[in-house]
Amino acid sequence: KFFKINRREAFRFKIPSAYEIPVTVVVDNQSYEGRLFDLSLDGAGIWFRTQPNFKSGQNIQQVFFKLDNKEIYSLGEIKVCFPLENQKVMGVKIGVKLLKMEHQCQTHIMNYMNRHLSQYAKKIA
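Quick summary incoming for the structure in this document.

What counts, and where the lines are drawn
- Going along each chain's sequence as written, the residues are numbered from 1 onward.
- In keeping with the model being predicted, local features are shown solely for residues with a pLDDT of at least 70 and side-chain atom pairs are shown and tallied solely at 80 or more, while totals for entire chains, interfaces and linings include all residues.
- No hydrogens and no water enter the side-chain calculation; it runs on all heavy atoms of the structure.
- Where helices and strands are cited, they refer to DSSP runs of H or I of at least four residues and of E of at least two residues respectively, numbered from the N terminus.
- Accessible area is worked out with a 1.4 Å probe on protein chains only. A residue is then buried under 20% of its type maximum, exposed over 50%, and partly exposed in between.
- By definition, residues are in contact when any of their heavy atoms lie within 4.5 Å.
- The Shrake-Rupley method, run with a 1.4 Å probe, gives the accessible areas here. Residue values count only the displayed protein chains as cover.
- At least two DSSP bridges between two strands are needed for those strands to be called paired.
- Any Phe, Tyr or Trp ring, taking Trp's six-membered ring, that has another such ring centre within 6.5 Å forms a pair; planes under 30 degrees apart are called stacked, those over 60 apart edge-to-face, and the others tilted.
- Salt bridge, as used here, is a side-chain nitrogen of Lys or Arg placed within 4 Å of a carboxyl oxygen of Asp or Glu.

## As for the overall build of the chain
And step 1. Assigned secondary structure in the chain consists of one helix and seven strands.
And step 2. Its helices and strands in sequence order give the chain the pattern β-β-β-β-β-β-β-α, from N to C terminus.
And step 3. Each of the 125 residues in the chain was classed as buried or not, and the buried ones make up 41%.
And step 4. Within the chain, contacts between residues at least 6 apart in sequence are counted, and of these 55% link residues at least 24 apart.
And step 5. Accessible surface computed for the chain: about 8200 Å², of which carbon and sulfur atoms make up 52%.

## A look at the pairing of strand β6 (residues 70-86)
And step 1. Judged from the seven bridges that link them, strand β5 (residues 59-67) and β6 form a sheet pairing that is antiparallel. Across the sheet, the residue bridging to F64 is Y73, located in β6.
And step 2. In sequence, β5 turns back onto β6 through a hairpin of two residues, with D68 there showing a positive phi of about 50 degrees.
And step 3. Note: β6 against strand β7 (residues 89-99), 11 bridges, orientation antiparallel. In the strand pairing of β7, L75 is matched with L99.
And step 4. Taken together, β6 and the strand that follows it, β7, pair antiparallel across an intervening segment of two residues, in which Q87 is found at a positive phi of about 55 degrees.

## Examining the packing of aromatic side chains
And step 1. All told, the structure shown has four aromatic pairs when counted by the stated rule.
And step 2. Arranged with centres 6.2 Å apart and planes meeting at 85 degrees, the rings of F13 and Y112 form a pair that is edge-to-face. With a gap of 99 residues between them, F13 in strand β1 (residues 13-14) and Y112 in helix α1 (residues 103-124) connect regions that are remote in the sequence. The same class applies to F13 as to Y112, namely buried.

## Looking at unusual backbone geometry
And step 1. The backbone phi angle of D28 is positive, close to 50 degrees, even though this residue is not glycine.
And step 2. Relative to the elements of secondary structure, D28 occurs in the loop between β2 (22-27) and β3 (30-39).
And step 3. D28 gets classed as exposed once you look at its relative accessible area, which sits at 58%.
And step 4. Of note, the phi angle at N29 is positive, near 60 degrees, even though the residue is not glycine.
And step 5. Looking at the secondary structure, you find N29 in the loop between β2 and β3.
And step 6. With relative accessibility at 68%, the residue N29 sits in the exposed group.

## Quick look at the pattern of salt bridges
And step 1. Under the defined criterion, the tally for this structure stands at six salt bridges.
And step 2. R12 serves as the salt-bridge partner of D38, at 2.8 Å between the closest nitrogen and oxygen. Of this pair, D38 sits in strand β3 while R12 sits in the segment before β1, and the two are 26 residues apart along the sequence.
And step 3. A relative accessible area of 7% means that D38 is categorised as buried.

This is the structure we're talking about:
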């Protein structure tokens, strides 16, 4: 048996590859389109097909995505950036700390994860 230890402060929910959740990230007044890779109450993993020149520590002026038609807006900070192959396509994944998010946005994220955890688990089983 294998055990995975979650060292994060908040549980990280991996978005199944069959679910495309577009994300818009604005860095240095330039907009980039990516895909939500994973999500927690205080962070997100975002995958980009193109290879933007992001660096750890960069501030994000805006992170925007929708969960079940609810809009999520936040400021952010890039914590990590590395190349990652996703569905046989090479791209870049960034880990983002979500900052100054409205309380309702965290509630929407928590509700989304709770609602879909059991649904995804049933598909895997």
